[in-house]
Amino acid sequence: MSWSDLPSSLQAERRGVVAVLRLNRADKRNALNDPMVAGIETFFSTLPDDIRVVVLCGQGAHFSAGLDLTELVDRKTFAGVEHSRSWHRAFDRVQFGSVPVVAVLHGAVVGGGLELAAAAHVRVAERNAFYALPEGSRGIYLGGGGSVRLPPLIGTARMMDMMLTARTLSAEEGQMIGLSQYLVDEGQGFAKGLELAHRIADNAPFTNFAAMHVLPRIAGSDPAAGYVTEALAAAIAQGDDEAKARLKAFLEKRGPKVARK
Ligand code: 1HE
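Residues numbered from 1 in each chain as written. Predicted model: local features only at pLDDT ≥ 70, side-chain atom pairs only at ≥ 80, totals over all residues. Heavy atoms only, no water.

1. Looking at the packing of aromatic side chains
Link 1 in the chain: Applying the stated rule across the entire model yields 4 aromatic pairs.
Link 2 in the chain: Judged by centre distance (5.0 Å) and plane angle (85°), the rings of phenylalanine 43 and phenylalanine 44 are edge-to-face.
Link 3 in the chain: Under the relative-accessibility criterion, phenylalanine 43 is labelled buried at 0%.
Link 4 in the chain: A network of ring pairs unites the aromatic residues Trp3, Phe43 and Phe44 as a single cluster.
Link 5 in the chain: The aromatic ring of phenylalanine 190 is capped on one face by arginine 22, whose charged end is 5.4 Å from the ring centroid.
Link 6 in the chain: Between arginine 217 and the ring centre of phenylalanine 96, over which it is positioned, the NZ or CZ distance is 4.0 Å. (Phe/Tyr/Trp six-rings, centres within 6.5 Å; stacked < 30°, edge-to-face > 60°. Buried < 20%, exposed > 50% of the residue type's maximum accessible area, 1.4 Å probe, protein only. Lys NZ or Arg CZ within 6 Å of the ring centre and 35° of its normal.)

Below, the structure written as C-alpha cells:
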C-alpha cells in the first residue's frame with residue numbers, strides 16, 4: 001500500500017526513519033470519520049520495514065475534535081457496535097503495531113481525539129492544548145477504547161469526572177495528571193515530537209518492542225506472572241547482538257553516558 005492511497009484527510013510523509021502521519025481535515029477540526037479511521041488502521045498495518053517510529057499530529061488549529069458527529073445521526077444500534085469495534089481495531093494497530101508512536105497534541109484533543117492520543121506511547125502537548133470528554137453532553141458514550149486506555153493514564157475517578165461534568169482540562173492540567181509526558185510552548189510540539197522520535201529510533205528495536213508490547217501486559221498482569229515475563233524479556237534483550245555491541249561500546253568508553261539534568 002502506498003501512502004498516496006490514503007484518504008486526503010490523512011497525510012503521510014517520511015523524515016528519515018520516522019514516518020509522520022498528520023490528520024488533515026482542518027476545516028472540520030480533524031473530526032474522525034470512517035475513511036480516516038480505516039486509513040489510520042491501514043497506515044499502521046503497512047508501515048515500511050525501515051520505519052522505526054511514527055509521529056502523529058494534526059493539521060490546523062486542533063489535534064482532533066473526535067468522532068465526526070454527522071456520521072452518528074442515523075446509525076442503528078448494532079451498527080454502532082461494529083463502528084466502535086472498527087475504532088478498536090484501528091487504535092489497537094496504533095498502540096500494538098510495529099513501532100512506537102509519538103503524538104503531538106495542540107488545540108482540541110477531544111472525545112475520540114483523546115482516545116486516539118491515548119493509544120500513542122508518548123504524548124507531547126503544546127500549551128494551547130485542551131482535553132475534554134463531551135460524550136455525556138452529546139448523549140453518547142466513548143467508543144474508541146478510551147474506557148480501557150484512559151484510566152491507567154489518569155485514574156478512573158478523574159476520567160469519570162471528565163465524563164460526568166464535561167469539564168475541559170488545560171494543557172497544564174493534562175500534564176499534571178499524566179495525559180501528556182511533555183509540555184512545550186505553542187508551535188514547538190512538532191519539533192519536540194520529531195526530536196523524541198529520532199531519539200527513540202536510536203534504541204535497540206527489541207527494547208522498543210518490549211516497552212510497547214511487554215510492559216503494558218506486565219502492568220496488567222499479576223505480579224508473579226509479571227516478574228517471570230520481565231525475566232524472559234530481559235534475557236531475550238541481552239542475548240541480542242545489538243545489546244552486546246552497545247554494552248561493549250560503553251565499556252570501551254565509546255557509548256553515551258546518562259546525561260546529567
Ligand atoms: C465537526 C466536529 C465533530 C467540529 N464532528 N463536525 N466531539 C465534540 O463534541 C466536539 C465538537 N466540536 C467542538 O466543540 C468545536 O468544533 C471545537 C472546540 C473542536 C473547535 O471549535 P471551533 O470554533 O474552532 O470550530 P467550529 O466552528 O465549532 O467547527 C468548524 C467546523 O467543524 C464546523 O463545520 P462547518 O461546516 O459549520 O464549518 C463544525 O460543525 C465542524 N466540526 N467538530 C463533525 N466532532 C468513537 S466514539 C467517540 C465519541 C466522541 O468523539 S464524542 C466527541 C465529539
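2. Side note on the packing of helix 10 (residues 223-239) against helix 11 (residues 241-251)
For any two helices packed against each other, one specifies the inter-axial angle together with the distance between the axes.
Link 1 in the chain: Closest axis-to-axis distance for the helix 10/helix 11 pair is 5 Å, and the angle between their directions is 70°. When the axis of helix 10 is compared with that of helix 11, the two are roughly perpendicular. Where helix 10 approaches helix 11, its residues Ala237, Gln238 and Gly239 are matched on the opposing element by Asp241, Ala243 and Lys244.
Link 2 in the chain: Classifying every residue of the contact of helix 10 with helix 11 gives 2 nonpolar, 2 polar and 2 charged. (Axes fitted to C-alpha atoms, helices over the stretch in contact; angles between N-to-C directions. Helix = DSSP H or I, 4+ residues; strand = E, 2+ residues; numbered from the N terminus. Parallel < 35°, antiparallel > 145°, perpendicular 65-115°, else oblique. Contact = heavy atoms within 4.5 Å. Nonpolar A, V, L, I, M, F, W, Y, C, P; charged D, E, K, R; others polar.)

3. Comments concerning the site of the ligand
Link 1 in the chain: Taken together, 22 residues sit near the ligand, with Lys28, Arg29, Ala65, Gly112 and Arg138 positioned nearest.
Link 2 in the chain: The side chain of arginine 29 places a nitrogen or oxygen atom 2.8 Å from an oxygen atom of the ligand.
Link 3 in the chain: In this structure, an oxygen atom belonging to the ligand sits 3.3 Å away from a side-chain N or O atom of histidine 62.
Link 4 in the chain: Alone, the ligand offers 1,000 Å² of accessible surface; in the complex the protein occludes 66% of this. (Near = heavy atom within 4 Å. Polar contact = N/O pair within 3.5 Å; in protein donor to acceptor, adjacent residues only side chain to side chain. Areas by Shrake-Rupley, 256 points an atom, 1.4 Å probe, with all protein chains shown as cover.)

4. Regarding unusual backbone geometry
Link 1 in the chain: Notably, arginine 29 is not glycine yet its phi reads approximately 55°, a positive angle.
Link 2 in the chain: Among the structural elements, arginine 29 can be located in the loop between strand 2 (18-23) and helix 1 (34-45).

5. Remarks on the pairing of strand 1 (residues 10-15)
Link 1 in the chain: Bridge analysis of strand 1 against strand 2 gives 6 bridges, and the strand direction is antiparallel. Its bridge partner lying in strand 2, leucine 10 is registered against leucine 23.
Link 2 in the chain: Linkage of strand 1 to strand 2, two consecutive antiparallel strands, is achieved through a turn of 2 residues, within which glycine 16 is found at a positive phi near 70°. (Pairing = 2+ DSSP bridges.)

6. Observations regarding the sheet that holds strand 5 (residues 108-110)
Link 1 in the chain: Taken in spatial order, the 3 strands line up as 5-7-8 in an open sheet, and their pairing is mixed. The open sheet has two edge strands, strand 5 and strand 8 (169-170), and neither has a second partner.
Link 2 in the chain: Note: strand 7 (residues 130-132) against strand 8, 2 bridges, orientation antiparallel. Following the sheet pairing, tyrosine 131 is matched in strand 8 by leucine 169.
Link 3 in the chain: Against the sheet, helix 3 (residues 112-119) contacts strand 5 and strand 7, and its axis sits at roughly 90° relative to strand 5.

7. Concerning the pattern of salt bridges
Link 1 in the chain: Overall, the coordinates contain 14 salt bridges when judged by the stated rule.
Link 2 in the chain: Notably, a salt bridge pairs arginine 89 with glutamate 41, separated by 4.0 Å at the nearest N-O pair. Taken as a pair, arginine 89 in helix 2 (residues 77-95) and glutamate 41 in helix 1 lie far apart in primary sequence, 48 residues in all.
Link 3 in the chain: Judged by its relative accessible area of 23%, glutamate 41 is partly exposed.
Link 4 in the chain: Where lysine 192 meets glutamate 195, a salt bridge forms, and the shortest distance between an N and an O atom there is 3.5 Å. Placement of both lysine 192 and glutamate 195 in helix 8 (residues 189-201) is noted, with a separation of 3 residues, approximately one turn of the helix.
Link 5 in the chain: Through salt bridges with shared partners, a single ionic network connects Glu13, Arg15 and Arg22. (Salt bridge = Lys/Arg side-chain N within 4 Å of Asp/Glu carboxyl O.)

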